[in-house]
Amino acid sequence: MKYQHGLVMGGTGMLSAAAVALARQSTQLTLVARTDLSLQRLAAQVARPELVSYQLRLDWSNRALFIDGIHQHLAQVGMPDVMLCWLHEDDCLLDLALGIPPLPAPMRVIHVRSSAISAPGQRVDPVKAYCVARPDLAYQQVVLGFKLSGDTSRWLTHQEICQGVLTALDHPDKACLTVGVTTPWERRP
Ligand SMILES: NC(=O)c1ccc[n+]([C@@H]2O[C@H](COP(=O)([O-])OP(=O)(O)OC[C@H]3O[C@@H](n4cnc5c(N)ncnc54)[C@H](OP(=O)(O)O)[C@@H]3O)[C@@H](O)[C@H]2O)c1
């Protein structure tokens, strides 16, 4: 297997297909989401006899419990070597990363972000600054943009989003991958 332990946060919705693909390459998988229903649905999709899988029902609107729940789980089952994160609040990943002790081998961190990160005037990116500065985190961003078509524009399909995530996963050298475009900003749907 390519990965020993994949940790997927917020992966039960639009990222489901990417989570399934990651699961196929992993010995162990932890899924984190808010509801049992979405976790069970994705767990059923990824299930195979030799996959050790865990589902953590945690709500990031209670940040302290969310972070604590993940760290407690990792203390029991071991650190992941790849994380796929779609968290509506970027600070949440920063808080999580701050609590990760120095690692003996780099952990892949695929951080999926909304186009808001590319909005004109957006310059400060604390989570990226922190993760990039840590030699034991191999941090990559996947920015979700939009598609232009003639005079119109549209948001991305789930398939396009997952394809972008999987491209990032297959290309550790791509520090930032934009799916679709984020300019011209005023053309976003
Ligand atoms: N640029 C683009 O084109 C773009 C960018 C972003 C989103 N979108 C579109 O917008 C739709 C909605 O996006 P979305 O992010 O709301 O949905 P989503 O990706 O379909 O699902 C959100 C994920 O985060 C989890 N989650 C949500 N709130 C949580 C919380 N408080 N605590 C812990 N986990 C939580 C969900 O788990 P539960 O289901 O268990 O709550 C789920 O796993 C997407 O389906 C996509 O079509 C498009």
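Just so you know, these numbers come straight off a predicted model, no measurement behind them.

Participant: Which residues make up the overall build of the protein, and what values go with them?
Facilitator: A count of helical and extended segments in the protein gives 6 helices and 9 strands. Its C-alpha atoms give the protein a radius of gyration of 16 Å, within 12% of the compact-globule value 16 Å for 189 residues. Viewed in the frame of its principal axes, the protein has a C-alpha envelope of about 50 × 35 × 35 Å. Of all 189 residues assigned to the protein, the portion counted as buried reaches 33%. In the protein, the proportion of contacts linking residues at least 24 apart, taken out of those at least 6 apart, comes to 69%.

Participant: Could you give an account of the site of the ligand, naming the residues involved and the relevant values?
Facilitator: Near the ligand, the surroundings consist of 23 residues, among which Gly10, Gly13, Ala33, Leu144 and Trp155 are the closest. The residue makeup of the shell around the ligand, split by class, is 10 nonpolar, 11 polar and 2 charged.

Participant: Could you give an account of the sheet that holds strand 4 (residues 82-85), naming the residues involved and the relevant values?
Facilitator: Paired through backbone hydrogen bonds, the strands of a sheet run either parallel or antiparallel to each other. Sheet architecture is open: 7 strands sit in the order 3-2-1-4-5-6-9, paired in parallel fashion. Two strands bound the open sheet, and with one partner strand each, they are strand 3 (52-57) and strand 9 (176-179). If you compare each strand with its neighbour and ignore which way they point, the axes differ by 15° on average. Where strand 5 (residues 107-114) lies against strand 6 (residues 137-144), 8 bridges are found, and the strand directions are parallel. By the bridge assignment, isoleucine 110 is partnered in strand 6 with glutamine 140.

Participant: Could you give me a rundown of the packing of helix 3 (residues 63-77) against helix 4 (residues 90-98), with the residues and numbers involved?
Facilitator: Between two packed helices, both the angle of their axes relative to each other and the distance between the axes serve to describe the pair. Interaxial distance between helix 3 and helix 4 falls to 10 Å at its minimum, and their mutual angle equals 45°. Compared by their axis directions, helix 3 and helix 4 come out oblique. Every pair of crossing elements has a handedness; the one defined by helix 3 and helix 4 is right-handed. Residues Arg63, Phe66, Ile67 and Ile70 of helix 3 pack against Cys92, Asp95 and Leu96 of helix 4. Among the residues forming the contact of helix 3 with helix 4, the class breakdown is 5 nonpolar, no polar and 2 charged.

Participant: A description of helix 2 (residues 36-46) should follow, citing residues and the corresponding values.
Facilitator: For helix 2, the complete set of buried residues consists of Leu39, Leu42 and Val46. Projected down its long axis, helix 2 shows its buried positions confined to an angular sector of 75°, all on one face. More than 90 degrees from the buried face of helix 2, the exposed residues found are Asp36, Leu37 and Ala44. In this fold, the buried residues of helix 2 make contact with helix 1 (16-24), strand 2 (26-33) and strand 3.

Cut-off values and rules
Numbering of residues starts from 1 in every chain and runs along the sequence as written. Since the coordinates come from a predicted model, pLDDT governs what is reported: local features require at least 70, and pairs of side-chain atoms require 80 or more to be given and counted, while whole-chain, interface and lining totals use all residues. Put simply, DSSP H or I for four residues or longer makes a helix, DSSP E for two residues or longer makes a strand, and each gets a number counted from the N terminus. It is over C-alpha atoms that the radius of gyration is taken, and the globule rule equals 2.2 Å times the number of residues to the power 0.38. Exposed residues have 12 or fewer other C-beta atoms within 10 Å of their own C-beta, buried residues have 20 or more, and residues in between are partly exposed; the C-beta atoms are placed from the backbone. Note that contacts rest on C-beta atoms placed from the backbone: two residues are in contact if these are within 7 Å. Nearness here is judged by the C-beta atom: place it from the backbone, and if it falls within 6 Å of a molecule or strand, the residue counts as near that partner. Just so you know the grouping, Ala, Val, Leu, Ile, Met, Phe, Trp, Tyr, Cys and Pro go in nonpolar, Asp, Glu, Lys and Arg go in charged, and all remaining residues, Gly too, go in polar. Following DSSP output, two strands are said to pair if at least two bridges run between them. In this analysis, axes come from line fits to C-alpha atoms, helices being fitted only over the stretch in contact, and the angle between any two N-to-C directions falls in the range 0 to 180 degrees. Roughly parallel covers angles under 35 degrees, roughly antiparallel covers those over 145, roughly perpendicular covers 65 to 115, and oblique covers all other angles. Left-handed is the label given to a crossing in which the near helix is rotated counterclockwise from the far helix by less than a right angle, and right-handed is the label when the rotation is clockwise. When we speak of the arc, we mean the arc of directions from the helix axis to the C-beta atoms.

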